[in-house]
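# Structural characterization, general
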Amino acid sequence: MGASRWQRFLGPPLALAILGLAVGAGPVAAAGEQATIDVNQTAFNPPCDDDANFIAPKMLDAAVAAYKRLGYGATGFTGAAFTRAHVLARTVDDWGYYVHSHGDLFRHPDGRRYTGFREDAAKCVGAVVYSKDIKAKRNGRQSNLVFISTCHSADPNTTMPDAFAIEKIKAGQLAWNGPEFYVGYVGLQWDSDEWVFEQRFWDALAAGMGVGAAFDYARKGSFRSATFQADWWGSYVWSGRAGLIGGCPHCV
Amino acid sequence: MHAPRESRRWPALLLAGAVLAGCSGLALAESPWRAGERSSRGVAAQAIDLGVARTRAEAIQRRLGLPGRATATQRIEDRFEGRVFDQITFEDAIGPSAIVELEPNGRPHLVVALGWRGAKGPAVGRHVALRHALAHARSAGFQVSGEPTILETADGWEVVWERRVDGIPVLGDGVRLSLWKDGSFHAIVHWEHRLAARPAKILDEATVRRIAAARFAERFGREDAIEIRSARLAWMRPNDLWDPSLPDAPGTEARLAWLVAGAPSPNVKSGIRQAEVWLDAGDGSVIGGDVIQ
């Protein structure tokens, strides 16, 4: 599929975005914006788990390659390098973020529940990284492409998009909510289905589809579960490329 | 007499080069897909075949009432699935409006209405959604049968007709159709993978539970790590969950397997919620597995 065809599709909303920038201020991001890819492998392999999981490292490789193709300065972390402290230190500079781990709506020490995921930290059961923690660190900073590859990350009551300043709004074909897109899974999902979905999503993005079209295309994979579900919020027509205007060279 | 010797040498070198290029080309074509690589790529096709595919796709588009006109047709190889499709992209005044993919034999594989147009009418209930789903599937030329799974999603309805062979599900195969909340068409796909020969003799459930327990114990180093909860037969495409030496993409051929599911026992700290080992139904060998984290 030709990339230019899809880039023309992204033109009108991006022009609107540029107009917004002119009046809205904020720093213009340079190329190679930081993306962090965190994958929990320790918890899902012996001796922590009964079954070795060779899907997780593939997810790491695929996500790093995909973010790089989209123009991000992407770095992958796993094992002892993927800790709660590491996530919170890097998130301040992240435009893109991907994580694959155990996820849920966890009870925070403040007594309320927040969407979160477990760090790897080379432990069988790592500490929870709550959306509240990420939100506090980012303090409203804009994100580009955020993919939370965990169970419950896109449940209707998820609190994670807000941590990355992504409203739970679907801006469709003629709408524009900025160069941002949040993807996650609804309920409990098998790793093999997540893997099918992710490789289709990354490949469609690489073909030049916008994030929304890539999501729609990925949703039609060969999933083992009839109840497989993912969801998204953000701008359907955005290219997925790093930066405040989406990095689309033919749009303006 | 150098010239004649040179002239004899060049054809030999060219021949050797051609053989080497051919070999390396062959090797590239047969190298398995690896995580991080693009999984789809364009492949050569006869113009007449692409023309026929385009005409078929236009007919599907008209029957479904999707906007736009066909602007690009190409044959793509999906290296992850090990399949080849003819992909036709439609565009309207705003941009790409739909994708239609057909198998090379003309059978429809996928139709996606792009653009997040959403529902325009009042929301429909489960029974009406199913009626719409059947009508859309028929219009698009997809054959469905049996009792589907109907799931209400954030944006509408998902209707899935699982493929079954002699009553046994082929997981991942079948027809999956998405509707907007008002019952209008969003997307449909049909998957059907090759099936391996059915084993002459199928292991009984008690035997496979014993084998699975041994495999889990072997992996975990203790026998009480996993509590086996269920075992059922299904056609599964082998994967590399238990063996990293296997290709990164699932196998292209489904094998009859016992899916033995278990959960970590209470005395084990684990991040997983459920684990599954897939055992060949004939010989009990591990062909893959899955996990919910």
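Every chain begins its residue count from 1, and numbering advances along the sequence as written. Each chain gets a letter, beginning with A, and each ligand a number, beginning with 1, in the order they are written. Local features in a predicted model are, by the rule used here, given only for residues with pLDDT of at least 70; side-chain atom pairs are given and counted only at 80 or more, and totals for whole chains, interfaces and linings are based on all residues. In computing side-chain values, all of the structure's heavy atoms are included and hydrogens and water are not.

## Comments concerning the overall build of chain B
Looking only at helices and strands, chain B has four helices and 14 strands in total. For the exposure calls, accessible area comes from a 1.4 Å probe over protein chains only, and a residue counts as buried if that area is under 20% of its type's maximum, exposed if over 50%, partly exposed in between. Counting across all 293 residues of chain B, residues that qualify as buried make up 49%. Note on contacts: a residue pair qualifies if any of its non-hydrogen atoms lie within 4.5 Å across the two residues. Taking contacts inside chain B between residues at least 6 apart in sequence as the whole, the part at least 24 apart equals 56%. A total of about 13900 Å² of accessible surface is found on chain B, and carbon and sulfur atoms cover 55% of it. Put simply, DSSP marks the helices as runs of H or I at least four residues long and the strands as runs of E at least two long, and each gets a number from the N terminus on. Note on areas: Shrake-Rupley with a 1.4 Å probe; residue coverage comes only from the protein chains shown.

## A look at the pattern of salt bridges
Salt bridge, as used here, is a side-chain nitrogen of Lys or Arg placed within 4 Å of a carboxyl oxygen of Asp or Glu. Summed over all chains, the structure comprises 28 salt bridges over all chains. A salt bridge links B:Arg273 to A:Asp104; the nearest nitrogen and oxygen atoms lie 2.7 Å apart. Here B:Arg273, found in the loop between strand 12 (253-264) and strand 13 (274-280), pairs with A:Asp104, found in strand 4 (residues 103-107), and the two come from separate chains. Given a relative accessible area of 22%, B:Arg273 falls into the partly exposed group. Within this structure, A:Arg219, A:Lys220, B:Glu158 and B:Arg176 form a network of salt bridges that share partners.

## Some details on the pairing of strand 3 (residues 96-100) of chain A
Residues and elements named next belong to chain A. Taken across its five residues, strand 3 has five buried, putting it largely inside the fold. A two-sided burial pattern is seen for strand 3, the buried positions comprising Gly96, Tyr98 and His100 on one face and Tyr97 and Val99 on the other. By the bridge criterion, five bridges tie strand 1 (residues 34-39) to strand 3 in an arrangement that is parallel. Bridge assignment links aspartate 38 to a residue of strand 3, and that residue is valine 99. Pairing between strands is defined by DSSP: at least two bridges between them are needed. In this structure, strand 3 lies alongside strand 7 (residues 145-149), joined through four bridges in parallel fashion.

## Notes on empty space enclosed by the protein
Cavities and pockets were defined on a 1 Å grid built over protein atoms only: a cavity is a set of grid points that admits a 1.4 Å probe from which the probe cannot escape, a pocket is an open set flanked by protein on both sides within 12 Å along at least five of seven lines, and lining residues are those with an atom within 4 Å of any such point. Grid points are joined across faces, edges and corners, and a volume is the space filled by probe spheres set on the points. Applying the stated rule across the entire model yields nine cavities of 30 Å³ or more. The volume enclosed by the largest cavity comes to roughly 210 Å³. Forming the walls of the largest cavity are 21 residues, and the residues nearest its centre are A:Ser192, A:Val196, B:Arg237, B:Pro250 and B:Trp278. Looking at the lining of the largest cavity, the elements that each hand over two or more residues are helix 3 (55-69) and helix 7 (191-206) of chain A together with strand 8 (168-180) of chain B. Looking at which element gives the most residues to the lining of the largest cavity, the answer is helix 7 of chain A, with four residues. A:Phe223, B:Val160, B:Gly172, B:Asp173 and B:Arg176 are the residues nearest the centre of the second largest cavity, which is lined by 16 residues in total.

## Considerations on the packing of aromatic side chains
Pairs were defined over the aromatic rings of Phe, Tyr and Trp, the Trp ring being its six-membered one, requiring ring centres within 6.5 Å. Orientation was assigned from the angle between planes: stacked under 30 degrees, edge-to-face over 60, tilted for the rest. If you walk through the whole model with that rule in mind, you get 29 aromatic pairs over all chains. Taking the centre distance of 5.8 Å and the plane angle of 40° together, the rings of A:Trp195 and B:Trp33 count as tilted. Here A:Trp195, found in helix 7, pairs with B:Trp33, found in the loop between helix 1 (2-30) and strand 1 (40-43), and the two come from separate chains. Judged on exposure class, the residue A:Trp195 and its partner B:Trp33 are both buried. The interplanar angle of 80° and the centroid separation of 6.2 Å between the aromatic rings of B:Phe85 and B:Trp191 together place this pair among those described as edge-to-face.

## A word on the interface of chain B and chain A
With 77 residues of chain B at the contact, the number on the chain A side is 65 residues. The term buried area refers to how much accessible surface (probe radius 1.4 Å) is lost by two components on association, counted for both of them together. Here chain B and chain A share an interface that buries about 5900 Å² over both sides, 54% of which is from carbon and sulfur atoms. Applying the counting rule to chain B against chain A returns eight salt bridges.

## What to know about the sheet that holds strand 5 (residues 113-118) of chain A
Paired through their backbone hydrogen bonds, the strands of a sheet run either parallel or antiparallel. All names here are of chain A. As summarised here, the arrangement of the three strands in space is 4-5-6, forming an open sheet in which the pairing is antiparallel. At either margin of the open sheet sits one strand with a lone partner, and together these are strand 4 and strand 6 (128-130). Neighbour-to-neighbour, the strand axes of the sheet open up by a mean angle of 45°, direction not taken into account. Looking at chain direction, strand 4 and strand 5 are connected through five bridges and run antiparallel. Across the sheet, glycine 103 pairs through a bridge with phenylalanine 117, a residue of strand 5. Helix axes are fitted to C-alpha atoms over the stretch in contact, other axes to C-alpha atoms as well, and angles between N-to-C directions run from 0 to 180 degrees. The strands touched by helix 5 (residues 131-138) within the sheet are strand 5 and strand 6, with strand 6 carrying the most contacts at an inclination of about 55°.

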